[in-house]
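Residue strings, one per chain:
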Amino acid sequence: MGGKALKNIQAIILNKNEFYELQNEVLKKLTSLTKDVIPIKSYFNKKDFGDLDILISKPKPDYKDLKKFLETEFNSKEIVNNSNIVSFEYNNFQIDLIFENKENLEIAEFYFSYNDLNNMIGKTAYSFGLKFGFTGLYYPIRTKHGNLYDEILLTNEPKRIYEFLEYDYERYSNGFNELEDIFEYVVSGKYFNPMKYLKEYEDKSLIDRTRTKKRKTYIEFIIWLENYIIQNKNRIYFEFNDDKFSYVEFIEKSFPKSELKEKIKDFKKNQEIQEEVNKKFNGKIVMNLITGLIGKELGEFIINFKDLISRENNSNFEEAVINHSEEEIKEKMLNYWNNNAKKNKSV
């Protein structure tokens, strides 16, 4: 996607008529591969195109078979396989095949359509502590260290996503004539705040800013947005709370079937249990208690001891550890080492 995947050919740019003529030809050829072939929509008056993006239902064919198909049907001179995206050359033009699960085709088409529209709107979702991507709207649950623990799907229905973010879905469904229409749509949202975009770009490192510059539409939006702010200086923008957790109640009311609060509660309880367990049992404690136990032998000892204490207590390991004091756990480790593991090591 983006027209830059092919390195060994000089990919051409097509005008509108040339592009749609080629698109029709490509879609016809691809229907012999699969019935689920969906071209990504562009704004109506787009004048030139650097690539053609097409959604295709998984399962993705074996690469050797797909490569043979593309070489036979399209006489392709270059094919690049990158996970779920396969880019290939056809008449010196780049085609990107995006493979996605059948149940996600609708949301993926919605997300990828109209340039960077939903990437830009996604920043509003992020301000609520959410993740908006090509498989839906999610609430990411993270540990206190910032590591991703889970992602709770709120919805993968395009209309529900826009209703939550306060965008006019019917307006989206009618499409956009010009790129500026897309920009105007982005700023039309109730929760839109331009500083989220301008400050983020200003705060980017040099490397990140260089990457962003490769996204032509996004840069054009930043420039357009600066003028928009000047022309609409009396507009009052929504101010987000820095504490994103403050929106959990609002999010669950909007998506009651998600049981978001209960899942967050379960996560916190699980984290508390893990913290208590780690205080009583971890690799460092084992190494301090049993001199010279490292590497593979340390790993085997931990696995076997966990299995032992679980069987002894007829429970999972975490529950067994919680029901014993730290000293009791150490005593059990030493007994296991002296009576079983140490003997096995010396054999």
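Residues numbered from 1 in each chain as written. Predicted model: local features only at pLDDT ≥ 70, side-chain atom pairs only at ≥ 80, totals over all residues. Heavy atoms only, no water.

Visitor: Just checking my understanding: could you explain unusual backbone geometry for this structure?
Guide: Generally, phi is negative for residues other than glycine and the peptide bonds are trans, each holding for most cases. A cis amide bond links Lys58 with the next residue in sequence, Pro59, at an omega value of 10 degrees. The topology assignment puts Pro59 in the loop between strand 4 (51-57) and helix 2 (63-74). Look at Asn314: it is not a glycine, yet its phi comes out positive at around 50 degrees. Structurally, Asn314 can be placed in the loop between helix 14 (295-313) and helix 15 (317-322). By relative accessible area, Asn314 is classed as exposed at 73%. (Helix = DSSP H or I, 4+ residues; strand = E, 2+ residues; numbered from the N terminus. Buried < 20%, exposed > 50% of the residue type's maximum accessible area, 1.4 Å probe, protein only.)

Visitor: Explanation requested: helix 10 (residues 216-231) in the structure shown.
Guide: For an α-helix, the turn length of 3.6 residues means that residues three or four places apart are oriented alike. For helix 10, spanning 16 residues, the distance from its first C-alpha to its last is 23 Å, which sits close to the expected 22 Å at 1.5 Å a residue. Every buried residue of helix 10 is accounted for by Thr217, Tyr218, Ile219, Phe221, Ile222, Trp224, Leu225 and Tyr228. (Expected span 1.5 Å × (residues − 1).)

Visitor: Even after reading the chapter, I still don't get the pattern of salt bridges, so can you show me in this structure?
Guide: Any two side chains of opposite charge can pair, given that their charged atoms come close. Scanning the model with the defined rule gives twelve salt bridges in all. The shortest N-O distance in the salt bridge between Lys280 and Glu276 comes to 3.7 Å. A residue pair is termed a helical-turn pair when its members lie 3 or 4 positions apart in one helix, as Lys280 and Glu276 do in helix 12 (residues 260-280) at four residues. For Lys280, a relative accessible area of 11% corresponds to the buried category. In this structure, Asp307 engages Arg311 in a salt bridge whose closest nitrogen and oxygen atoms are separated by 2.9 Å. On the criterion of helical spacing, the pair formed by Asp307 and Arg311 is a turn pair, its members being four residues apart in helix 14. Accessibility expressed as a relative area gives 39% for Asp307, which makes it partly exposed. Using a relative accessible area of 55% as the deciding quantity, one classes Arg311 as exposed. (Salt bridge = Lys/Arg side-chain N within 4 Å of Asp/Glu carboxyl O.)

Visitor: Is there a simple way to think about helix 5 (residues 158-165) in this case?
Guide: Those residues of helix 5 lying buried are Pro158, Ile161, Tyr162, Phe164 and Leu165. Buried residues of helix 5 fall within an arc of 160 degrees about the axis and therefore sit on the same side. (Arc of directions from axis to C-beta.)

Visitor: Help me understand the environment of Ser254, please; the structure alone is not making it clear to me.
Guide: Of note, Ser254 is situated in helix 11 (residues 248-254). Sequence-wise, Ser254 and Tyr172 are 82 residues apart; in three dimensions their C-alpha atoms are separated by 21 Å. Excluding its chain neighbours within four sequence positions, the residues that come into contact with Ser254 are Arg160 and Phe164. Side-chain polar atoms of Ser254 contact the backbone oxygen of Phe250, separated by 3.0 Å. (Contact = heavy atoms within 4.5 Å. Polar contact = N/O pair within 3.5 Å; in protein donor to acceptor, adjacent residues only side chain to side chain.)

Visitor: What's the story with the sheet that holds strand 7 (residues 93-100) in this structure? I'm lost.
Guide: With mixed pairing, five strands are arranged side by side in an open sheet as 2-4-7-6-5. In this open sheet, the two strands that pair with only one neighbour each are strand 2 (37-39) and strand 5 (79-82). With strand direction ignored, the average angle separating the axes of adjacent strands in the sheet is 20 degrees. Pairing of strand 4 with strand 7, which is carried by seven bridges, proceeds in the parallel orientation. Looking across to strand 7, one finds that Leu55 is bridged to Ile98. Across the sheet, helix 1 (residues 16-30) is in contact with strand 2, strand 4, strand 6 (85-90) and strand 7; its angle to strand 4 comes to roughly 25 degrees. Those strands touched by helix 3 (residues 105-112) are strand 2, strand 4 and strand 7, and its axis lies near 165 degrees from that of strand 4. (Pairing = 2+ DSSP bridges. Axes fitted to C-alpha atoms, helices over the stretch in contact; angles between N-to-C directions.)

Visitor: Please clarify how the sheet that holds strand 8 (residues 131-133) should be interpreted in this entry.
Guide: Strand-to-strand pairing in sheets goes through backbone hydrogen bonds, with the strands running parallel or antiparallel. Here we have three strands laid out as an open sheet, ordered 8-9-10, and antiparallel in their pairing. Every other strand in the sheet has two partners, leaving strand 8 and strand 10 (148-155) as the edge strands with one partner each. The mean inter-strand angle of the sheet, taken between neighbouring strand axes irrespective of direction, is 35 degrees. Alignment of strand 8 against strand 9 (residues 136-142), held across three bridges, turns out to be antiparallel. Its bridge partner being in strand 9, Phe132 is matched across the sheet by Leu137. Packing against the sheet, helix 12 makes contact with strand 9 and strand 10, and its axis sits at approximately 25 degrees to strand 9.

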